[in-house]
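# Observations on the model geometry
If you want the building blocks of each chain, they are given just below.
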Amino acid sequence: GQKLSLDELSKRAGVSKSMLSQIERNTTNPTVAVLWRLSNALGVSITDFLAGGRAERVVPSISVVAAHETPSLINPDGKSELRILGPIELAGKFEWYELVIQPGGGLVSDAHEQGAREHLSVLSGSVVVRAGAEEKKLRQGETARYAVDVAHAISNPGKSVATMLLVVAHPD
């Protein structure tokens, strides 16, 4: 580990020495902001920090992923963005995304595995969905469900941005 004096850690984290010694003696319950400053100063993730020491650590019943921590895939042309909303551990079963396509943009995909389906709900704007040889126009509020074991595409021929919720369901 790092050999930091209380003084150095206090300066590096912007947390007072008295607060640090109270935490050390376990006489105070530090706020998340204080923990975040300390974990940053020590170069450890706040989750490692919280996991250390107390085995009976309470797992929060609601965990929140900040907007800036939500991973996203942006098309090379910059005209479509898939924000990955589903957790990684469900990726083999269900994936869900916020899909935003700029006017004139699109998302073109190769066939997924046999039996895979997509459920596309248009939240704003309108798009054209193509699966294999079939094509359908979708307006705001509409949902299309279609097999994706064929080449498929979602495009925005309109003049306004289209925002969608895209769910990919993989077969068992």
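Numbers given to residues run from 1 along each chain, matching the order in which its sequence is written. Local features in a predicted model are, by the rule used here, given only for residues with pLDDT of at least 70; side-chain atom pairs are given and counted only at 80 or more, and totals for whole chains, interfaces and linings are based on all residues. For the side-chain quantities, the full set of heavy atoms in the structure was used; hydrogens and water were omitted.

### Quick word on the side chain of serine 80
Strands are runs of DSSP state E lasting at least 2 residues, helices are runs of H or I lasting at least 4, and numbering of each runs from the N terminus. Position of serine 80 relative to the elements: it lies in strand S2 (residues 80-84). Buried, partly exposed and exposed residues are distinguished by accessible area as a fraction of the type maximum, computed with a 1.4 Å probe on protein chains only: under 20%, between the cut-offs, and over 50%, respectively. The class of serine 80 is buried, set by a relative accessible area of 4%. Under this definition, polar contacts are N or O atom pairs within 3.5 Å; protein pairs additionally need one hydrogen-donor-capable and one acceptor-capable atom, and for neighbouring residues in sequence, both atoms have to be side-chain atoms. Within the structure, the side chain of serine 80 is placed 3.4 Å from the backbone oxygen of glycine 106, a separation counted as a polar contact. By the convention used here, residues are in contact when the closest approach between their heavy atoms is within 4.5 Å. Once you skip the residues sitting within four places of it in the chain, serine 80 turns out to touch Leu73, Ile74, Asn75, Val100, Ile101, Gly106 and Leu107.

### Re the environment of leucine 99
Position of leucine 99 relative to the elements: it lies in strand S3 (residues 94-101). Taking C-alpha positions, leucine 99 is 15 Å from arginine 139, a pair spaced 40 residues apart along the chain. Among residues more than four places away in sequence, those in contact with leucine 99 are Glu81, Leu82, Leu107, Leu120, Ile154, Ala162, Thr163 and Met164.

### Considerations on the sheet that holds strand S6 (residues 127-131)
Only strands joined by at least two bridges in the DSSP assignment are considered to pair. Strand order in this open sheet of four strands is S4-S9-S6-S7, and the pairing throughout is antiparallel. Of all strands in the sheet, those bounded by a partner on one side alone are strand S4 (106-109) and strand S7 (134-138). Recorded for the sheet is a direction-independent mean angle of 10 degrees between the axes of neighbouring strands. The pairing of S6 with S7 spans five bridges and is antiparallel. Angles run from 0 to 180 degrees between N-to-C directions of axes, and those axes are lines fitted to C-alpha atoms, restricted for helices to the stretch in contact.

### Considering the sheet that holds S2
In spatial order, the strands read S1-S2-S3-S10-S5-S8; together these six strands make up an open sheet with antiparallel pairing. Two strands in the sheet have a free side with no partner beyond their single neighbour: strand S1 (72-74) and strand S8 (143-147). Taking the axes of each pair of neighbouring strands and ignoring which way they run, one obtains an average angle of 20 degrees across the sheet. Here strand S5 (residues 117-124) runs beside S8; their pairing, made up of five bridges, is antiparallel.

### Notes on the nonpolar core
Within the largest apolar cluster, 20 residues are counted, with the highest numbers of intra-cluster contacts made by Leu99, Leu120, Val127, Tyr146, Ile154, Met164 and Leu166. Elements that contribute at least two residues to this core include exactly S3, S5, S6, S8 and strand S10 (162-169). The element contributing the most residues to this core is S10, with four residues. In contact with methionine 164, not counting residues within four places along its chain, are Tyr97, Glu98, Leu99, Ile101, Leu120, Ser121, Val122, Leu123, Val127 and Ile154. By nonpolar core is meant a set of buried Ala, Val, Leu, Ile, Met, Phe, Trp, Tyr and Cys residues that side-chain atoms within 4.5 Å join together.

### Considering a nonpolar patch on the surface
Residues enter patches when their relative accessible area tops 30% and they take part in no salt bridge; the joining distance is 9 Å for like charges and 5 Å for the nonpolar side chains Val, Leu, Ile, Met, Phe, Trp and Tyr. Every accessible area reported is derived by Shrake-Rupley at a probe size of 1.4 Å, with residue values counting cover from the shown protein chains alone. By definition here, a salt bridge exists when the distance from a side-chain nitrogen of Lys or Arg to a carboxyl oxygen of Asp or Glu is within 4 Å. Taken together, the side chains of Leu85, Leu123 and Leu165 make up a nonpolar region of the molecular surface, amounting to roughly 240 Å² of accessible area. As for its position among the elements, leucine 165 is in strand S10.

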